[in-house]
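Structure at a glance
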Amino acid sequence: MKILVINAGSSSLKYQLIDMETEQVAAKGLCERIGIDGSKLTHKLPGHDDVVIESPMPDHNEAIRLVLEALADKKHGAVKSMNEIGAVGHRVVHSGEDFTESVLLTDEVLQICKRNTDLAPLHQPANVMGIEACKAVMPKVPQVLVFDTAFHSTMPKYAYMYGLPYEYYEKYKVRRYGFHGTSHKFVSGEAARFLKKDIKSLKIVTCHLGNGSSISAVDGGKCIDTSMGFTPLEGVPMGTRCGDIDPSVVEYLMNKTGMDVHATLNTLNKKSGMLGLSGISSDFRDLCAAEEKGDERAKLALDVFGYTVKRFVGAYAAAMNGLDVLVFTAGVGENTESVRSRVAGNMEILGIKLDESKNRNGQRGIIREISTPDSRVRVLIVPTNEELVIARETKEIVEKKK
Ligand code: ADP
């Protein structure tokens, strides 16, 4: 079976066609500028040059239609007929409290997803557009929704409740939800497999460090806490997001700068974090290069990031009353050794001994261990693959239905 994985944004749509026999990518690509002038589709077939198709995409339906056309094209396609696509798996940002795992699309499920757009107004409407486009263009193909929040649904109530009046939880669902769930689930599972241990016996902290970053505590395979909250703004400072701050800063800044609440939140989401601290870039490659040249603010941004991630690792070791495995994943976690050493260096108190040579040298794109042989905690780099998780869950759910 081949599964089409869709990650729909408001003006973009990423796709991967995964062959489930081999779990390899048969084709993938990106539609950009949907609903805007200059729409284009970049289609990639392994071993071939990229194909760029410039064609108007007034909406997501047209984008999906072009994707299917590209996938079935005689020259650069990956299927002979549409019948080869057994199912579609969608990345959906928010499950609210309605779903604790991936789910087969029905009319009722779609209604619930639409109701939850309040909780993720920037992302969920685009996800819904992607789902509706597939429904319209390929009505007979089963679709599965895989939620960013679902893996975190096992958090105990005391970990997801905020210290706010209880009625805000009851009336408005204000609580910690957590995000990047497919990644935390995947890398914790891969870590257990790599170590040849039953995940039920392991206490794992997973650090998904990318443009957006979150840390999770995974005890016996279940998430018991995570650093992102009601939205992906909470937790560690990120590329452009501020992470945890005292909420009183919002009113104080509004008074001082004259910004309204919308502009202030825009600053917290888009101009803060690594970009705001360094004044240089949100990209960790730029920050590392600037630090090497002696830029103090780039160093400060990296120090704040490393220190905050370290604090979460310590907190989650306390929360689980132990720690067996520390996992780094995503763009920064997999590639930025100076961040890993800031987080996992000088952590002997927790039984973590980082091997600096292994941390700095080693093949990319594979699971590898970067702790010393006598480190009580095993420290691993595990490449994440959210599309593969979505494809696997989609296959499982579609096959169960049969
Ligand atoms: P997103 O949250 O957008 O999925 P990614 O997980 O792709 O983000 O991470 C993007 C970040 O990873 C950027 O800050 C980038 O600097 C960093 N990164 C990606 N590749 C490398 C690399 N080869 N070396 C160093 N840093 C990298």
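One structure accompanies this document, and this report is about it. Note that the structure is predicted; figures quoted are calculated from it, not measured.

**Description of the site of the ligand**
Around the ligand sit 13 residues in total, of which Asn211, Asp283, Phe284, Arg285 and Gly331 are the nearest. Take phenylalanine 284: an N or O atom from its main chain is 3.0 Å from an oxygen atom of the ligand. Valine 332 is positioned such that a nitrogen or oxygen atom in its backbone is 3.4 Å from an oxygen atom of the ligand. When the ligand is considered free in solution it has 570 Å² of accessible area, and contact with the protein chains removes 66% of it. Secondary structure elements with two or more residues in the shell around the ligand: helix H10 (284–292) and helix H12 (330–335). When its residues are assigned to classes, the shell around the ligand shows 3 nonpolar, 7 polar and 3 charged.

**Some details on the environment of glycine 96**
If you trace the backbone, glycine 96 turns up in the loop between strand S6 (85–92) and strand S7 (103–104). Considering only alpha carbons, one finds glycine 96 and arginine 115, 19 residues apart in sequence, at a separation of 9.3 Å.

**Some points on the packing of helix H7 (residues 248–257) against helix H8 (residues 261–270)**
Between H7 and H8, the shortest axis-to-axis distance is 10 Å and the interhelical angle comes to 120°. When the interaxial angle is binned, H7 and H8 end up oblique. In this structure, the crossing between H7 and H8 has a hand that is right-handed. On H8, the residues touching Val250, Leu253 and Met254 of H7 are Val261, Thr264 and Leu268. Taken together, the residues that form the contact of H7 with H8 break down as 5 nonpolar, 1 polar and no charged.

**Here we look at the sheet that holds strand S10 (residues 213–219)**
Here 6 strands make up an open sheet; going across it, the order is S11-S10-S9-S12-S14-S13 and the pairing mixed. Lying at the two open borders of the sheet, with one neighbouring strand each, are strand S11 (222–226) and strand S13 (368–369). Bridge count between S10 and S11: 4 bridges; the pairing is antiparallel. Bridge assignment links valine 218 to a residue of S11, and that residue is cysteine 223.

About the criteria used
- Residues numbered from 1 in each chain as written.
- Predicted model: local features only at pLDDT ≥ 70, side-chain atom pairs only at ≥ 80, totals over all residues.
- Heavy atoms only, no water.
- Near = heavy atom within 4 Å.
- Polar contact = N/O pair within 3.5 Å; in protein donor to acceptor, adjacent residues only side chain to side chain.
- Areas by Shrake-Rupley, 256 points an atom, 1.4 Å probe, with all protein chains shown as cover.
- Helix = DSSP H or I, 4+ residues; strand = E, 2+ residues; numbered from the N terminus.
- Nonpolar A, V, L, I, M, F, W, Y, C, P; charged D, E, K, R; others polar.
- Axes fitted to C-alpha atoms, helices over the stretch in contact; angles between N-to-C directions.
- Parallel < 35°, antiparallel > 145°, perpendicular 65-115°, else oblique.
- Left-handed = near helix turned anticlockwise from the far one by under 90°.
- Contact = heavy atoms within 4.5 Å.
- Pairing = 2+ DSSP bridges.

Geometric descriptors of this kind do not, in isolation, establish any biological role.
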